[in-house]
Amino acid sequence: MKILVFPSYITILELKDFSRRKSGYGYMTWDVARSLAERGVEVDLLTRFNITKGLKFKKVNILEHTWFNNISTFNFLNLIKAVKIIITDKIRLKKIPYIIFYHISMGYFDKLLKSHNYDLVHIHGIGYSTLPIIETCRKRNVKYIVTLHGLNSFSSSINLPPREKQIEKDFLRYAEDNNLPVSVVSTGVKTTILKYLKIEHSENFKVVPNGCHINTQTVLPSLNVREIYGISEEKKIMLCVGRIDNNKNQAQIVRAFSKLASDVKDNLVVLFVGVEGTNGTFLEAIKDSDYTSQLIFCGFIDKEKLPVYYQQSDFNIVASITEVFGLSIVEGFVYGVPCLTFADLDAVPDLYNEKAMLLLKGRTDDDLAQGINKMLSHTWDKNFIRKHSQKFSLEKMAKNYLKVFKSL
């Protein structure tokens, strides 16, 4: 099977051209491509934003993508399409260059479809950047599948213009009406889609959970997390991993911490790992809480060092308003770390096991504080949790994708 994988970008720390954008999306889209290649699929990969001369890496053929490729295949009709969208959708000024770029680069993509005999194009995400890709696949009669790594249009905590949220909803309706294949990363996401479409069942939306690196035999950096942050041995460490923003909802953890009994607070430290995305309001919340020695902002931690944080933590906490897969939950499982989170998250149905997670039905600060108390008082079986993580390996993810691909 020969496929073309098309994400907006990928993150590969070992390669300079692919290390500038670091995000869960970038890491995961690369893991999908690499895992498929390791199972014998012939994988070409083209991104929207990574400019590169092309290379073969980890069995994946990363295609050349240069400015010359885009300019030499320029088609004036694609520019007209871009202008129409800019006018019709009243695109914001800073977004206009991106819309133009998305469309003028379609000449190169079209050239690839004509010169390569792909069985399938695997598109990651839906939006202004991928709609032209879908249109070109249709025009060339090339089969494609769209993977949604989340839903942007069903939560006020996700900051996107209304028109961009409507693109996603329109696509979901179009996919169902036209029997287009779409994969989603959790059962909860599919449930949300079916509720929106007001249907009970659909064969067009397939659940393929994300995967995670399960191999714990890799030599980890010799870091001592307790030493770095001045945490004594008798204190428990609760880890919270993810971009600091309104959706990840770390501010509620700060509020809930203040409601804990004094003896609990004195014996617990919460480490917040992630890029600060609140313009400093989260850091101010920690400062105002008077618990700066127990609520510690670690900032961005390199991916190769992050496993050390899981390995040396006692608990994991996810307080997100929306969470479609919960990669940080699975990453914790790999090292035997149990997770406290809310029962209504999309990620929960696929990940939950009572021996690995504690779920909260309520979402108040008091509910979260009570959950923290329960986490600390419960005895957790790390070996069981590690075994539970095997269900979410990259190998299993690739196998599930292949099953869906072959069905098409």
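Please read these numbers as outputs of a predicted model, since none were measured by experiment.

A. Here's a closer look at the overall build of the protein. Secondary structure assignment for the protein yields 18 helices and 14 strands. Compactness check: the protein gives a C-alpha radius of gyration of 22 Å against a globular reference of 22 Å for 408 residues, within 12% of the reference. In the protein, which comprises 408 residues, the proportion classed as buried is 54%. Counted over contacts in the protein with a minimum sequence separation of 6, partners at least 24 positions apart contribute 68%. Once the 55 positive and 42 negative side-chain charges of the protein are each reduced to a mean point, those two points are 6 Å apart.

B. Structural context of the layout of surface pockets. Empty space within the second largest pocket amounts to approximately 820 Å³. Arg34, His213, Lys303, Glu304 and Pro307 are the residues nearest the centre of the second largest pocket, which is lined by 32 residues in total. It is helix α1 (residues 24–38) that contributes the most residues to the lining of the second largest pocket, 6 residues altogether. Its residues assigned to classes, the lining of the second largest pocket comprises 18 nonpolar, 5 polar and 9 charged.

C. Expanded view of the sheet that holds strand β1 (residues 2–6). Taken in spatial order, the 8 strands of this open sheet run β3-β4-β2-β1-β5-β6-β7-β8, and their pairing is mixed. For this open sheet the edge positions go to β3 (55–57) and β8 (205–207), each flanked by a neighbour on one side alone. Averaged over all pairs of adjacent strands, the angle between their axes in this sheet comes to 25 degrees, without regard to strand direction. The pairing of β3 with strand β4 (residues 60–62) spans 3 bridges and is antiparallel. The partner of leucine 55 across the bridge, within β4, is isoleucine 62. Strands in contact with helix α7 (residues 162–177) are β6 (144–148), β7 (182–184) and β8; relative to β8, the strand with the most contacts, it is inclined by about 105 degrees.

D. A look at the pattern of salt bridges. According to the stated counting rule, one finds 18 salt bridges in the structure shown. Of the charged contacts, one joins lysine 81 and glutamate 135 as a salt bridge, the two residues approaching to 2.8 Å between their closest N and O atoms. Of this pair, lysine 81 sits in helix α3 (residues 76–88) while glutamate 135 sits in helix α6 (residues 131–139), and the two are 54 residues apart along the sequence. Among the residues examined, lysine 81 registers a relative accessible area of 33% and is labelled partly exposed.

E. The packing of aromatic side chains, seen in detail. With the rule as written, the count across this model stands at 12 aromatic pairs. Grouping aromatic residues by their ring pairs yields a cluster made of Phe49, Trp67, Tyr98, Phe101 and Tyr102. Positioned above the aromatic ring of phenylalanine 384, the side-chain terminus of lysine 355 is 5.0 Å from the ring centre.

F. Here's a closer look at the pairing of strand β10 (residues 268–273). Extensive coverage of β10 is indicated by the burial of 6 of its 6 residues. Across 6 bridges, strand β9 (residues 236–241) lies against β10 in parallel orientation. Following the sheet pairing, valine 241 is matched in β10 by valine 273. Bridge count between β10 and strand β11 (residues 295–299): 4 bridges; the pairing is parallel. Bridge pairing in β11 places valine 270 opposite leucine 295. Handedness of the crossover joining β10 and β11 through helix α12 (residues 281–289): right-handed.

G. Representation of α7 in the model. Taking 1.5 Å as the rise per residue, α7 with 16 residues should run 22 Å; its terminal C-alpha atoms sit 23 Å apart, in good agreement. Among the residues of α7, Glu164, Lys165, Ile167, Glu168, Phe171, Leu172, Ala175 and Glu176 are the ones counted as buried. Viewed along the axis of α7, the buried residues span an arc of 160 degrees, placing them on a single side of the element. Looking at α7, the residues exposed on the side facing more than 90 degrees away from the buried face are Pro162 and Asp177. Structurally, α7 contributes buried residues whose contacts are with α6, β6, β7, α8 (187–197) and β8.

H. Quick peek at unusual backbone geometry. For asparagine 179, which is not glycine, the phi torsion reads 55 degrees and is therefore positive. For asparagine 249, which is not glycine, the phi torsion reads 65 degrees and is therefore positive. Tracing the chain through its elements places asparagine 249 in the loop between β9 and α10 (250–258). Classification of asparagine 249 as buried rests on a relative accessible area of 12%.

I. Seen up close, the pairing of β9. Here β9 lies mainly inside the structure; 5 of its 6 residues are buried. Pairing analysis gives 2 bridges linking β9 to strand β12 (residues 315–317), with the strands arranged parallel. The residue of β12 that forms the bridge with methionine 238 is phenylalanine 315.

J. Molecular detail of a nonpolar patch on the surface. Among the surface-exposed residues, Phe74, Phe76, Leu77 and Ile80 lie close enough to one another that they form a single nonpolar patch of about 400 Å² accessible area. For phenylalanine 74, the position within the fold is in the loop between α2 (67–72) and α3. Of the residues examined, phenylalanine 74 reaches a relative accessible area of 41% and is grouped as partly exposed.

K. Empty space enclosed by the protein, seen in detail. Applying the stated criterion to the full structure yields 1 cavity of 30 Å³ or more. Phe6, Leu46, Thr47, Arg48, His65, Ser105, Met106, Tyr108 and Phe109 are the residues that line the largest cavity. Sort the elements by how many residues they give to the lining of the largest cavity and helix α5 (residues 106–115) lands first, with 3 residues. Split into classes, the residues belonging to the lining of the largest cavity amount to 5 nonpolar, 3 polar and 1 charged.

About the thresholds
- Residues numbered from 1 in each chain as written.
- Predicted model: local features only at pLDDT ≥ 70, side-chain atom pairs only at ≥ 80, totals over all residues.
- Heavy atoms only, no water.
- Helix = DSSP H or I, 4+ residues; strand = E, 2+ residues; numbered from the N terminus.
- Rg over C-alpha atoms; globule rule 2.2 N^0.38 Å.
- Buried < 20%, exposed > 50% of the residue type's maximum accessible area, 1.4 Å probe, protein only.
- Contact = heavy atoms within 4.5 Å.
- Lys, Arg positive; Asp, Glu negative; His and termini not counted.
- Charge placed at Lys NZ, Arg CZ, Asp CG, Glu CD.
- 1 Å grid on protein atoms, 1.4 Å probe; cavity = no way out; pocket = protein on both sides within 12 Å on 5 of 7 lines; lining within 4 Å.
- Points joined across faces, edges and corners; volume = space filled by probe spheres on them.
- Nonpolar A, V, L, I, M, F, W, Y, C, P; charged D, E, K, R; others polar.
- Pairing = 2+ DSSP bridges.
- Axes fitted to C-alpha atoms, helices over the stretch in contact; angles between N-to-C directions.
- Salt bridge = Lys/Arg side-chain N within 4 Å of Asp/Glu carboxyl O.
- Phe/Tyr/Trp six-rings, centres within 6.5 Å; stacked < 30°, edge-to-face > 60°.
- Lys NZ or Arg CZ within 6 Å of the ring centre and 35° of its normal.
- Right-handed = clockwise from strand over helix to strand, strands pointing away.
- Expected span 1.5 Å × (residues − 1).
- Arc of directions from axis to C-beta.
- Patch = residues over 30% accessible without salt bridge, like charges linked within 9 Å, V, L, I, M, F, W, Y side chains within 5 Å.
- Areas by Shrake-Rupley, 256 points an atom, 1.4 Å probe, with all protein chains shown as cover.

This is a description of form; function is not addressed.
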